[in-house]
Every structure is written in structure tokens, then in C-alpha cells.
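The chain contents come next:
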Amino acid sequence: MLLLENGHPVTDRWSYATEGEALGTGPVIVPLSRLSEGLGRSAGELGVMLPVDESVSVLRGALPRLSLIVITFPVFRDGRAFSQARALREHLHFTREIRASGHVLPDQYEFLVRCGVTTVEVPDNTDLPVWDRALHQFRVAMQPSVVNEKPTGFGLRRFLPA
Amino acid sequence: MSADTMIREEVVPVNRQVGLYAYDQVDRTFLRERIDQFRDQVARRVSGELTEDEFKPLRLMNGLYLQLHAYMLRVAVPYGTLASRQVRALARIAREFDRGYGHFTTRQNIQFNWIRLEDTPAALEVLAEADMHAIQTSGNCIRNVTSDEFAGAAADELLDPRVHAEILRQWSTLHPEFTFLPRKFKIAISGSPQDRVAARFHDIGLIARPGPDGRPLFEVFVGGGLGRTPIVGTKLRDDLPEEDLVAYLEAILRVYNEFGRRDNIYKARIKILVQALGAEDFRQRVDTEFSAMDRARYRLEPALVQAIRDRFGVPAFEPEGDAPALLAQARKKDRAFDAWVRTNTHPHRAPGYLSVVVSLKPAGGIPGDATAEQLDLLADLAERFSFGELRVTHLQNVVLGHVRQDRLYEVWQALSVAGLATANIGFITDIVACPGLDYCALANARAIPISQKLSSRFADLELQREIGALRINISGCINACGHHHAAHIGILGVDKRGEEAFQLTLGGSGEEDASIGQILGPAMSEDDTVDAVARLVDFYLVRRNGTERFLDTYRRIGTAAFKDVVYAPA
């Protein structure tokens, strides 16, 4: 699995918790069912996986302690996680990393970012230039988003960052 | 170099077009980039990098369907309005990439049925040169926003809804959050109390009117629809202020995206969610989202709306003069013209003007089809007689919005030569039909041949005038693209043990007296169905009171008597 940020591969310093094993002390991503166990650790950064059928509000109390939230696409056609990402930014004012996992297409990259997603997990054998192009080939969007792009000065349109 | 220094933004575009939003360089850049993206996607599909499963939603996003025999390209006609140069671009696509014709749909779009996959990026370029696109004419996203075909012209209109339709078009175009919804999502908007957009049969239907301070207010209907489960929409708001229009629609879509069913495509439309939750619970969830959201981000300030409005050209009407008198003279001289004026025109708000409905339903013809030559002629007529503007109706006809009354005779003569002057608007042969099994992979039965048989059977215009207002809609399958539930007489194609057969529904209406047609009885063969319609009409002619429409007689007498006419042994 590769991790993309802003169109390029970056080092993934996080690891997913292994079932039946203790969490350790490094940056770890836990399933929602182990959130309190994660919060109980005395040290180490904490990430959590938000199931696609959960409301983001289940994370409200834990939010100040979370450095990463992973949202999941069971299949690329299932767009619920777009709303989860947007709600984390707009309703819960979460400012740290939101990571997209599961089945996503490069053609959705721009939408993910505009909904507030920071990083995307992609297969090792993916065609990287396609992802980079998918994110950077557009200069204009037709509506505002939680990323607060610069208005064009007309209508609801926005200039996308280069 | 930053993006905004590369794209020039015109504050006031030079060429404003009557009835249409004028694109600037920013809008054109947007389209250009999206066509490049689609060309890249087609290449990745052809090379095998994308599976058909992965390519499908991407091509659908660009209006490309795979039908029975070929790809079909559906082009968006936002709020049903076209400029002459756009109509000519459509004619060019019909000629260069199709078999010389296009088909106007029940959602104010036009589709081309014989497109090659490799040609689609080039066809999209032809569209883009005319500031058009096929984005979101299919797929599980917000579809083309439809509006009243007499917008900005009708005498009964309170507010021209096209400015807000344009705002919604822009807002919904490649919306990052709402492009992978549970199912398709259709919005219609009207500014007249006479509902000509079937607002109550849309996922969201909007009826605009001016408020006490002159600022627009919107009635909001949600969860209406036809298809397998016909439902009349629920009114969510009576007086939504303009500044909250986009925010409130965001809230509705957010609730739908989160809670709409994704396990069964036949239960995935918002109407099913509204029914499952109940109107009150649904409203509550929308209100909760609406009060929690960052409303400022989506607020429509008056200046923003005005800036969009300023990009619409406004017709410069001439004084009435003796136009009505000259029209009256011409009508007196020519009875055929007089009959056409009576059926194919609509009252205009400006004295001395009328709107003209051009029938795409000639006797024995295919509803909604137009040849490249007819499209070119319509473009010319729009240019000469209607400020260069043509409209598409959801009943598969086209409209010249602003024709001066003393020039109507010229228009009629030109239309007559091209076979476009059938005086049958609102009559029994003004039939709505989906493409059916002749084209569509979903259909159970052909909709076109039965439509042609009915059209031929009732071709006599004297007879049609005697029958009066009667709407027949035909769908080739239960998905109901022909809106058969919303017709006085609906015809639904079904598969009866491997044979094409047709079910009748009676008593539907898509207007402000919206109702859903009821199934009359077992399905019949194509010819028996045509005969049955003829018997229903004869029965109505005998039983009607005064000027009662077929629909009124049916509602007064009830189903049983009409059922006997079709099914009782002679």
C-alpha cells in the first residue's frame, strides 16, 4: 500500500493495530471498537477508523486526542465517506489528517481533497502519474468547499490551488 | 503562475444571449479541462487500464450510455434553453457523429443514439465550442436542472426561474460531495403557479415567487418521482428565502447521501427515503443539518444573484403597434393557420407577442425526433423571429419563446414547409414516448411503433380538436422514462411471456392537480391496445359533460365504467 499526499507518495509513519495484540507506543490506527483502549494509552499519537455507516459525531468526544481519522470506501460508487470527510471539517472543525482508504479511483481524487481528505491509500502497483494529473489538471471548480479555495470573484466559482 | 492570473474573467461578457447565461473564460476553461480528463479516461478504457465497471460511472458522468446497439450521448440543455448557434452545433453532431437526427427527451435534453466511443471526445469538443456539455446527464448525481419552457415569456409567470436554475446548475456541476449519490437526482424549477415542470414529480421541485419585499421565495417539494414507485412529492418549505436556496439544497442532499439506501437500486431514490423515514422525520434531519452547517459559505447574496442575472440577455420587445390586428387578419384569411395559432401558441407577458410551440409530433412520426435539417431550420427561425433563442419542452416539443404576432404567419409558413407545423399541441397525438426497445437496453417493449400507430389512427385534426385536451404518455418499461403515470392515458410496455404487451393506466396528471394514473387491467397486444384507446376515447365523447376534459370525465365517472369499455365482452 502506498500513501499519497498532494499527488505524491509520502512515507507512512502510521501502522494499523493488529487484532489481538497490544497497541504499543508509536502512532497507531485503531478500529472504532478499540477507541477507548487507544485513548487510554499514556503516550503515542492516535488514529481511528471511522466505519462508513457511522455518524462522525461518535468521534466528537475523542477529537482533541485524535491525530488521524481514516474514512473508508467499500466500493468507489459508495459516496457516503465524502460526506463524512466534509462533516469532520465543517461540523467538528477537525483540522488534522483525514485519510481515504478502500476502493477509490484517481478520478475521485479532486473530490476527496475538496471534501477535506488529506491523504489517500492506493495499491502498490498503481499508476502514480495518473493520480498526480487527476489532482492537478483542474484550475476551476463551480462551487465552494470546506477547503475554502479562492473565489473567482463571480458566482460560487472557485480557483483551485495549483 | 497562479491559476487566477492565467484565466481572464470577463466582468460583463460582450455577447449576452437572450434567455441564457453567457459563459466567460473561466467557464470555458472548466469545460476544456473536463474534456481533457474524459479523453484521458477513454484512452485508459481502450488500453484496458480501466475496467468497464470502473469506466461506467466516469462515462455516465459525461452523458455516455451503452445501449442495445451503440453508445448514446445525452447532451444537457440547462433549463431547456438553447441559442441558435448551439442548435446548429447539435445539428452538426447529428450529421457528423450520428445518423442525421437527434431525439429530444422528457427532461429537456437531447440524445444521439448512434455515437462511437472513440468519437465522443470530439463530439464533446463541438459542444464545448458552443458552451455546452453532457456533464451529469446520467449517473448517480445531480442531473440537468429543468425549468418551464415558457420561462421569461409566460403571461402567468411571477418570476423568471432560469437565473436560479443557472445558479443550481453551477453549484451542482461536479459537486465534490454529491457525485456518487445512492441514485440519480433530478431538480426542476418553475416561476409560475401553473406547474409546467412537474415539480411534484421530482427529487426536488421548486416553485419560485416574489416575496413581500420583492426578493424571491421558494416552495420546496422533495421526494416526488415516477419510475417503479410513483409518488407525489412532499412539501418541505413554503417560503425558503433566496439567500438560503443553495444551503438548504445542500442540507437535503447531505441527508440523502448519508441515509439513502445503497443496497437495492430500486429503493435508492430519495422518494423511498422520505417514505421510509416519514415526512416529519426527514424534515427534522434536514433542519438539523441546515442549522448546524456553515450557512455563510453557501449564502446567495443579492449581489451574487444579480451578477448571474446580468449575464442573461434580455429581449428588447418592440411596442405592440398593430401586431394583434395584423394577426387577426391573417387568421381570418387562412383557416389552417388559425387552427394552428389556437393550439400551438401560448400567451406572452409582452403585448404584441406570443410563444410558439413547434410540434415534433407529426402524424405517424416519432415523438421528439428532429433531423439535422430541421434543427438548422429551427436555429434560423429562432434567429429571425425569437431573439436567437429556442426552448425544449419536457413534452418533447420545442418553443420559440418571443414571436411578434404580426410575424407569426411567416413562422407558420416556414414550419409548414419543413413538416413542423402540426397543429396538435395538447391533443391526443401530442404523445410523449421514451426510446423504448428500439434503442434502450432496459426496455421490455418498443414504445415508438405503438406511438406511431396511435398518431396515425387519430391523425385527423378535426377529430383531435373534437376530443380536446388529452395526454398520452408511453414508457417501454417500468422505469417510466415516458412518464406514463403522469398521463391522462398512460401506456406501459411489459414483457408477457416473452411477448411485448401494453398496460393502460388512466387518470394521471403531472400538473398542479398532480395525480398518479391507475392500472386499468391486464396487458394487451400492441394492436389491441390501440383499439382499446380508441374505445376509451369514444366512450369519453359520449359521456362527457360540456367542455369537460377526458381527465375530468374519468375522475367524475370513475375507473369501473372505463374498465368495462376495454375489458367487458362485446
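Keep in mind that what you see is a predicted model, and the values were worked out from it rather than measured.

Within chain B, the secondary structure is distributed over 20 helices and 20 strands. For 570 residues, the compact-globule estimate of 2.2 N^0.38 gives 25 Å, and chain B sits close to it at 23 Å. For chain B, the spread of C-alpha atoms along the three principal axes comes to 80 × 60 × 55 Å. Across chain B, every contact between residues at least 6 apart in sequence was considered, and the portion connecting residues at least 24 apart equals 68%. Taken as two groups, the 69 positive and 77 negative side-chain charges of chain B have centres that lie 3 Å from each other.

Our next topic: helix α11 (residues 302–309) of chain B. Residues and elements named next belong to chain B. Among the residues of α11, those classed as buried are Leu304, Val305 and Ile308. Taken down its axis, α11 places every buried residue within 95° of arc, on the same side. Next to the buried residues of α11 lie α6 (162–172).

Take the environment of Phe201 of chain B next. For Phe201 of chain B, the location among the structural elements is in the loop between β7 (187–190) and β8 (204–210). When sequence neighbours within four positions are dropped, the list of residues in contact with Phe201 of chain B reads Gly224, Gly225, Leu226, Ile231, Val232, Ala486, Ser509, Gly510, Ala514, Ser515 and Ile516 of chain B.

This brings us to the pairing of strand β9 (residues 216–222) of chain B. All names here are of chain B. A large share of β9 lies buried, amounting to seven of its seven residues. Burial of the side chains of β9 extends over both faces: Pro216, Phe218, Val220 and Val222 are buried on one face and Leu217, Glu219 and Phe221 on the other. Linkage of β8 to β9, two consecutive antiparallel strands, is achieved through a turn of five residues, within which Gly214 is found at a positive phi near 90°. When β9 meets strand β10 (residues 234–241), the two strands line up antiparallel, connected through five bridges. Across the sheet, residue Val222 finds its bridge partner in β10, namely Thr234.

Turning our attention to the environment of Phe111 of chain A. For Phe111 of chain A, the position within the fold is in helix α3 (residues 109–114). In sequence terms Phe111 of chain A and Phe82 of chain A are 29 residues apart; their C-alpha atoms lie 7.9 Å from each other. Not counting chain neighbours up to four residues away, the residues in contact with Phe111 of chain A comprise Phe82 of chain A together with Leu174, His175, Pro176, Thr179 and Phe180 of chain B.

Quick look at the domain arrangement of chain B now. Residues and elements named next belong to chain B. What the domain assignment lists for chain B is domain 1 (3–129), domain 2 (146–309), domain 3 (323–417) and domain 4 (432–567). The distance between the C-alpha centroids of domain 2 and domain 4 comes to 30 Å. Taking both partners together, domain 2 and domain 4 bury about 1,000 Å²; carbon and sulfur atoms supply 65% of that area. Along the contact surface separating domain 2 from domain 4 lie zero salt bridges. Summed over the shared surface of domain 2 and domain 4, the number is one residue pair in polar contact (both at pLDDT 80 or more). Of the residues that constitute the side of domain 2 that touches domain 4, the class distribution is seven nonpolar, two polar and three charged.

This paragraph deals with helix α13 (residues 335–344) of chain B. Residue and element names in this part refer to chain B. Burial of α13 is extensive: seven of the ten residues sit out of reach of the surface. Buried residues along α13 sit against α12 (323–333), β11 (345–347), β12 (353–358), α15 (408–417) and α17 (461–467). Residue Asp334 occupies the N-cap position of α13, its side-chain oxygen lying 3.2 Å from the main-chain nitrogen of Ala336.

For chain B, per-residue confidence averages 94 on the pLDDT scale, and residues scoring 70 or more make up 97% of the total. Residue range residues 1–5 of chain B is modelled with pLDDT below 50. Its contacts to residues more than four positions away, or to other chains, number six contacts.

Enumeration over the complete set of coordinates arrives at 74 salt bridges over all chains. Its salt-bridge partner being Arg114 of chain A, residue Glu149 of chain A comes within 2.9 Å of it at the nearest N-O pair. Of this pair, Glu149 of chain A sits in the loop between β9 (140–141) and β10 (150–151) while Arg114 of chain A sits in helix α3, and the two are 35 residues apart along the sequence. Judged by its relative accessible area of 4%, Arg114 of chain A is buried. The partner of Asp40 of chain B in a salt bridge is Arg133 of chain A, with the nearest N and O atoms 2.8 Å apart.

Bringing the side chain of Gln37 of chain B into the picture now. Take Gln37 of chain B: it is sitting in helix α2 (residues 25–46). Take Gln37 of chain B: its relative accessible area is 12%, and that puts it in the buried class. For Gln37 of chain B, the residues in contact, after removing those within four places along its chain, are Asp107, Gln137 and Phe138 of chain A.

Attention now goes to the sheet that holds β12 of chain B. All names here are of chain B. Pairing within the open sheet is antiparallel, and its five strands lie in the order β3-β14-β15-β12-β11. A strand with exactly one partner marks an edge of an open sheet, and here the two such strands are β3 (81–83) and β11. The sheet shows a mean angle of 30° between the axes of neighbouring strands, direction not considered. Two strands pair when backbone bridges link them, and β3 and strand β14 (residues 389–392) are joined in this way by three bridges, in the antiparallel orientation. Residue pairing across strands places Leu82 opposite Leu390, the latter belonging to β14. Its contacts with the sheet place α15 against β11, β12 and β15 (398–404), and it is angled at close to 150° to β15.

A few words now on the sheet that holds strand β20 (residues 518–519) of chain B. In a beta sheet, neighbouring strands are held together by backbone hydrogen bonds and run either parallel or antiparallel to one another. Pairing is mixed in the open sheet, where five strands are placed in the order β16-β17-β18-β19-β20 (chain B). The strands lining the two open edges of the sheet, one partner per strand, are β16 (432–433) and β20 of chain B.

Gaps left between atoms are located by rolling a probe of water-molecule size over the structure's atoms. In this structure, the second largest pocket occupies an estimated 510 Å³ of space. Looking at the second largest pocket, it is lined by 22 residues, and the ones nearest its centre are Ser55 and Val56 of chain A together with Glu258, Phe259 and Glu289 of chain B. Counting only elements with at least two residues in the lining of the second largest pocket, the list comes to α2 (80–90) of chain A together with α7 (245–259) and α9 (279–292) of chain B. Among the elements that line the lining of the second largest pocket, the one with the most residues is α2 of chain A, at five residues. In the lining of the second largest pocket, the residues fall into seven nonpolar, six polar and nine charged.

So, on to the interface of chain B and chain A. Counting residues at the interface gives 51 residues for chain B, matched by 43 residues for chain A. Of the roughly 4,200 Å² buried between chain B and chain A, counting both surfaces, carbon and sulfur atoms make up 56%. When the buried surface of chain B facing chain A is broken down by residue, Pro176, Phe180 and Arg297 of chain B rank first, second and third, together holding 18% of it. Taken together, the connections running from chain B to chain A amount to twelve salt bridges. In this assembly, chain B and chain A are joined by 23 residue pairs in polar contact (both at pLDDT 80 or more). Elements with a contribution of two residues or more to the side of chain B that touches chain A: α1 (3–6), α2, α3 (52–61), α6, α7, α9, α10 (295–298) and α11 of chain B. Looking at which element gives the most residues to the side of chain B that touches chain A, the answer is α2 of chain B, with eleven residues. Within the side of chain B that touches chain A, the residues separate by chemical class into 22 nonpolar, nine polar and 20 charged.

Cut-offs applied
- Residues numbered from 1 in each chain as written.
- Chains lettered and ligands numbered in written order.
- Predicted model: local features only at pLDDT ≥ 70, side-chain atom pairs only at ≥ 80, totals over all residues.
- Heavy atoms only, no water.
- Helix = DSSP H or I, 4+ residues; strand = E, 2+ residues; numbered from the N terminus.
- Rg over C-alpha atoms; globule rule 2.2 N^0.38 Å.
- Contact = heavy atoms within 4.5 Å.
- Lys, Arg positive; Asp, Glu negative; His and termini not counted.
- Charge placed at Lys NZ, Arg CZ, Asp CG, Glu CD.
- Buried < 20%, exposed > 50% of the residue type's maximum accessible area, 1.4 Å probe, protein only.
- Arc of directions from axis to C-beta.
- Pairing = 2+ DSSP bridges.
- Domains from an automatic or database assignment.
- Buried area = accessible area lost by both parts, 1.4 Å probe.
- Salt bridge = Lys/Arg side-chain N within 4 Å of Asp/Glu carboxyl O.
- Polar contact = N/O pair within 3.5 Å; in protein donor to acceptor, adjacent residues only side chain to side chain.
- Nonpolar A, V, L, I, M, F, W, Y, C, P; charged D, E, K, R; others polar.
- pLDDT = per-residue confidence, 0-100.
- Axes fitted to C-alpha atoms, helices over the stretch in contact; angles between N-to-C directions.
- 1 Å grid on protein atoms, 1.4 Å probe; cavity = no way out; pocket = protein on both sides within 12 Å on 5 of 7 lines; lining within 4 Å.
- Points joined across faces, edges and corners; volume = space filled by probe spheres on them.

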